[in-house]
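# Structural features, examined
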Amino acid sequence: METSLRIFENNRNVFLRLIENFTLDQLNAIPTGFSNNIIWNLGHIIVTQQILVYNLSGLPMLVSNEMIEKYKNGSKPTRNTSQEEVDAIKNLLLTTVTKTKNDFNTPSFFQNYEGYVTKSTGFAINSANEALNFNNFHEGVHLGFLMNIRKFI
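Computed from a prediction, not measured in an experiment: that's the story for all the values here. (Residues numbered from 1 in each chain as written. Predicted model: local features only at pLDDT ≥ 70, side-chain atom pairs only at ≥ 80, totals over all residues. Heavy atoms only, no water.)

### Thoughts on the overall build of the protein
Helices and strands together make up the secondary structure of the protein, namely six helices and two strands. The linear arrangement of helices and strands in the protein, starting from the amino end, is α-α-α-α-α-β-β-α. Taking 15 Å as the expected radius of gyration for a compact globule of 153 residues, we find that the protein reaches 15 Å, a close match to that expectation. Along the first, second and third principal axes, the C-alpha atoms of the protein reach 45 × 30 × 25 Å. Pairs at least 24 residues apart make up 72% of the contacts formed inside the protein by residues separated by at least 6 positions. (Helix = DSSP H or I, 4+ residues; strand = E, 2+ residues; numbered from the N terminus. Rg over C-alpha atoms; globule rule 2.2 N^0.38 Å. Contact = heavy atoms within 4.5 Å.)

If you want it as structure tokens, here you go:
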């Protein structure tokens with residue numbers, strides 16, 4: 001589990017480094033041929049991690065229902081994200097890592113898990129540990145999307 005947590009933290013730091021010099025307009029830009037933008041991808045990975053690891057474990061999430069609706073699987077940006085929202089997303093990129101690391105290091109914190117089969121890959125997830133591992137894969141996919149989007153903005 002320690003390796004999975006290190007990968008998770010590293011992924012989030014890579015995301016932050018990649019976007020540190022983008023303007024608000026660049027974060028919101030949807031290049032031709034794409035259905036979302038850089039900031040949507042960041043919101044989406046946060047929401048997905050919270051749903052996969054916490055919600056399916058029957059535990060409270062660190063994200064609002066409004067954020068879930070805005071960034072859940074199948075959603076698309078419907079308006080530009082404000083600087084205040086961008087700052088909140090950047091903060092959540094790291095605070096969710098800290099909370100997740102602490103919770104996985106607390107014995108018996110993740111006791112229950114509602115099994116889930118992912119829509120995109122058909123992969124069956126049966127525990128919070130498996131959810132974190134799948135989440136790392138998912139974030140890697142979105143890192144690729146982000147790197148591709150940035151070429152066109």
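Anyway, onward from the coordinates.
### Considering the environment of Phe 104
Within the secondary structure, Phe 104 is located in helix α5 (residues 83-104). When sequence neighbours within four positions are dropped, the list of residues in contact with Phe 104 reads Met 1, Leu 5, Val 53, Phe 110, Ala 128, Asn 129 and Leu 132.

### Concerning the nonpolar core
Grouped together as the largest cluster of nonpolar side chains are 25 residues, with contacts concentrated most on Leu 42 and Met 67. When contributions to this core are tallied by element, the ones reaching two or more residues are α1 (2-19), α3 (38-54), α4 (65-71), α5 and α6 (128-150). Of the residues forming this core, the biggest block, seven residues, is contributed by α3. Residue contacts for Met 67: discarding those within four places in its chain leaves Gly 43, Ile 46, Val 47, Ile 89 and Leu 92. Of all hydrophobic cores here, the second largest spans 15 residues; its members include Val 53, Tyr 54, Leu 56 and Ala 131. (Core = buried A, V, L, I, M, F, W, Y, C linked by side-chain atoms within 4.5 Å. Buried < 20%, exposed > 50% of the residue type's maximum accessible area, 1.4 Å probe, protein only.)

### Observations concerning α5
Over its 22 residues, α5 runs 32 Å from end to end, which matches the ideal 32 Å to within 8%, given 1.5 Å per residue. Of all the bends in α5, the largest measures some 25° and sits at Leu 92. Residues of α5 that are buried include every one of Val 86, Ile 89, Leu 92, Leu 93, Thr 96, Val 97, Thr 100, Asp 103 and Phe 104, and no others. (Expected span 1.5 Å × (residues − 1). Bend = angle between axes of the 7 residues up to and from the residue.)

Honestly, it's all geometry; don't read function into it.
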